[in-house]
Amino acid sequence: MKETYNINEKGYYGEFGGAYIPEMLYPNVEELRQNYLKIMAEPSFQEEFNALLKDYVGRPSPLYFAKRLSEKYNTKIYLKREDLNHTGAHKINNTIGQILMAKRLGKNRIIAETGAGQHGVATATVCALAGIECIVYMGEIDIARQAPNVARIKMLGAKVVPALSGSKTLKDATNEAIRDWINNPVDTHYIIGSAIGPHPYPDMVTKFQSIISEEIKWQLKEKEGKENPDYVVACIGGGSNAAGTYYHFLNNKDVGIIAVEAAGKGIHSGESAATSALGKEGIIHGCKTLLMQTPDGQITEPYSISAGLDYPGVGPLHSHLYKTGRGEFYSATDDEAMTAGLELCQLEGIIPAIESSHALAIFEHKTFKPDDVVVISLSGRGDKDLQNYIDYFKL
Amino acid sequence: MNRINQKLQEDKKLLSIYFTAGYPNIDNTSTIIQNLEKSGVDMIEIGLPFSDPLADGPTIQASSTQALKNGMTSQVLFKQIKDIRKSVSIPLIIMGYFNPMLQYGVEAFCKKCQEVGIDGLIIPDLPVDVYHSEYKSIFEKYGIINVFLITPQTSDERIHYIDSVSDGFIYMVSSASTTGAKVGFGDEQSEYFERIANMNLKNPQIIGFGISNNETFTQATKHAKGAIIGSAFVKHVTNNGIDTINTFVNTIL
């Protein structure tokens with residue numbers, strides 16, 4: 001039987017995925033499951049989605065040949081410039097799709113979780129665009145360390161609610177958003193920011209982000225005369241930019257899939273977010289996937305210098321890619337990522353988000369052939385990380 | 001016959017109480033169970049604490065966090081229950097999230113439940129269809145009753161499906177909410193309680209969420225076989241400790 005890496009009709013990628021949710025969420029998730037593919041296929045939806053991606057987000061994002069970086073690593077490196085999107089990262093591709101979905105489902109209240117604040121900003125942005133009420137859950141600790149994004153979310157008219165439970169970071173913000181949804185089952189749509197959560201979220205988010213690999217194909221054809229690179233590389237927290245970057249290459253084994261997770265202070269330092277190396281199969285936020293946990297099944301707290309990769313699980317698609325060996329998984333430490341980020345600044349004049357810097361650190365771990373075409377997803381820009389860069393490099 | 005089914009046959013309205021195992025102290029489990037039984041409670045739900053309890057409000061979250069800090073685990077709880085089972089006959093149900101059970105091994109967990117004298121499980125994030133296709137035979141092998149939730153938003157069709165898969169009672173969540181979020185019932189609840197009562201389900205229903213005193217207990221049990229109190233009891237334990245449990249129960253019955 002031909003192996004496939006797409007979701008099956010029951011909402012699983014191999015053994016990963018599903019919808020492990022309390023009964024209180026069933027009507028909402030089921031409504032979405034029954035309608036999402038139908039709505040996404042409607043010509044009026046496609047038309048509105050594509051128009052907004054073009055005129056509002058600024059797509060297509062460029063596929064840029066990084067000449068000096070290529071010279072340094074003696075291979076052909078292209079950067080997929082998601083950092084040039086409106087709001088500064090790939091996150092907006094998904095929130096545009098989901099706000100249109102929410103409108104068609106008749107919802108008039110939006111909730112979202114956010115860690116570093118990028119998804120919170122992207123959600124508040126599309127809610128302002130659509131004129132819909134927006135509540136963003138954010139861990140109390142993240143609110144303190146991401147002040148500029150908290151201000152952005154407020155300026156965009158959304159309400160920021162601190163998550164006070166547990167470790168007061170992304171996973172707890174996600175818990176709080178889910179609890180809000182349980183308490184508001186009729187009028188509310190939950191815009192999840194990554195390729196995680198109960199089915200159909202991982203698939204829906206992946207499909208909205210798949211514009212990234214769709215564009216890579218035709219852009220590469222123009223530049224290299226072929227649609228398929230030898231490798232696609234992306235950083236993975238929950239894994240939405242990676243899912244979008246891989247999507248149209250999943251079933252083409254000629255294209256190597258490379259994932260870079262955040263090793264934090266080192267995989268075995270006790271302060272890491274390298275889920276594939278440290279995780280075990282379990283249930284987090286409604287799906288079966290790899291997650292970091294104690295032997296007793298309590299979810300543990302991850303660490304990374306990058307708030308966007310600081311998540312104890314990974315999307316079910318990526319667990320499947322890891323388990324089947326379809327994806328090559330690496331991890332980059334804080335130091336490797338910061339160094340790679342600064343290198344991109346100085347070789348190409350691009351300040352990357354620290355998340356994306358993890359993908360750039362692949363060259364520390366793998367050597368490519370001179371004629372390999374390597375496409376790296378530059379998922380976000382580094383403006384939001386300036387304080388981190390200042391502190392790290394003592395600028 | 002399973003102790004839960006025996007209890008459900010009694011001609012009375014049942015009071016079930018939830019407490020978080022390992023809270024306020026790690027070794028309180030046996031005292032709490034004994035005091036609840038002595039106070040006339042009919043059934044006990046023992047909360048197995050989880051780091052990320054999605055369906056719970058702040059009260060039970062806080063007690064779970066403290067219980068985990070105190071060192072509560074599946075293994076510790078099983079050992080405590082094995083000891084206390086010798087001296088109590090009340091039906092005991094473990095309420096917990098699916099991941100700790102998955103890590104223990106679902107079959108090993110059910111086997112251990114049978115061994116130590118647990119009668120049933122309530123697992124909010126194990127959906128009925130997954131249970132039905134993957135785990136039902138394991139639960140049955142060890143005589144463990146699995147209890148499912150329904151809410152005001154659950155369709156009649158799904159309620160009938162849940163009823164057909166259940167073999168004990170159905171846990172009726174009184175309103176769309178997390179635990180401890182709302183107190184008391186309005187017209188919407190009364191209509192919902194009546195609607196379910198009129199469906200003539202094969203499993204009796206026990207109502208939970210929003211029950212904290214005699215008034216709400218009486219309202220809930222007008223149509224249902226019993227009622228469950230969770231957050232209000234955990235609050236009582238937080239404020240008054242575990243020696244005055246009978247005072248709390250007396251305010252309900």
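Further up the page is the structure itself.
So, here is what we can say about the structure in this document. (Residues numbered from 1 in each chain as written. Chains lettered and ligands numbered in written order. Predicted model: local features only at pLDDT ≥ 70, side-chain atom pairs only at ≥ 80, totals over all residues. Heavy atoms only, no water.)

## A short note on the pairing of strand 5 (residues 145-150) of chain B
Residue and element names in this part refer to chain B.
Piece 1. Within strand 5, six of the six residues are buried, which leaves the element mostly enclosed by the surrounding structure.
Piece 2. Alternating positions in strand 5 separate into two faces, Ile 145, Val 147 and Leu 149 on one and Asn 146, Phe 148 and Ile 150 on the other, with burial throughout.
Piece 3. Here strand 4 (residues 120-122) runs beside strand 5; their pairing, made up of three bridges, is parallel. Bridging from a neighbouring strand, Leu 121 pairs with Asn 146 of strand 5.
Piece 4. Following the backbone out of strand 4, through helix 7 (residues 128-141) and into the adjacent parallel strand 5, one traces a crossover that is right-handed.
Piece 5. Strand direction decides the pairing type here: strand 5 and strand 6 (residues 170-173), joined by three bridges, are parallel. What sits directly across from Leu 149, in strand 6, is Tyr 171.
Piece 6. With respect to chirality, the unit in which strand 5 leads through helix 8 (residues 156-165) into the neighbouring parallel strand 6 is right-handed. (Buried < 20%, exposed > 50% of the residue type's maximum accessible area, 1.4 Å probe, protein only. Helix = DSSP H or I, 4+ residues; strand = E, 2+ residues; numbered from the N terminus. Pairing = 2+ DSSP bridges. Right-handed = clockwise from strand over helix to strand, strands pointing away.)

## Digging into the side chain of His 90 of chain A
Residues and elements named next belong to chain A.
Piece 1. By secondary structure assignment, the location of His 90 is in the loop between strand 4 (76-81) and helix 4 (91-104).
Piece 2. Under the relative-accessibility criterion, His 90 is labelled buried at 7%.
Piece 3. In this structure, His 90 is in contact with Glu 82, Asn 85, Gln 209, Ile 212, Ser 240, Asn 241 and Ser 379, ignoring residues within four places of it in sequence. (Contact = heavy atoms within 4.5 Å.)

## Observations concerning the environment of Gly 106 of chain A
Residues and elements named next belong to chain A.
Piece 1. Tracing the backbone shows Gly 106 in the loop between helix 4 and strand 5 (109-114).
Piece 2. Under the relative-accessibility criterion, Gly 106 is labelled exposed at 56%.
Piece 3. Spatially, the C-alpha atom of Gly 106 lies 23 Å from that of Lys 91, the residues being 15 residues apart in sequence.

## Notes on the sheet that holds strand 4 of chain A
Residue and element names in this part refer to chain A.
Piece 1. Overall, mixed pairing links the six strands, which are arranged 3-4-14-9-10-13 in an open sheet. Looking at the sheet topology across the chains shown, the edges are occupied by strand 3 (63-65) and strand 13 (327-333). When the angles between neighbouring strand axes are averaged without regard to direction, this sheet yields 25°.
Piece 2. One ladder, built from three bridges, connects strand 9 (residues 231-235) with strand 14 (residues 373-378); its direction is parallel. (Axes fitted to C-alpha atoms, helices over the stretch in contact; angles between N-to-C directions.)

## Observations regarding the sheet that holds strand 7 (residues 159-163) of chain A
Residues and elements named next belong to chain A.
Piece 1. The parallel open sheet is built from four strands, whose spatial order is 7-6-5-8. Both outer strands of the open sheet, strand 7 and strand 8 (188-191), are each paired with one neighbouring strand and no more. In this sheet, adjacent strand axes meet at a mean angle of 25° when their direction is disregarded.
Piece 2. Sheet analysis places strand 6 (residues 133-139) next to strand 7, joined by five bridges and oriented parallel. Opposite Tyr 137, over in strand 7, you have Val 161 as the bridge partner.

Note that all results are geometric; they support no functional claim without further evidence.
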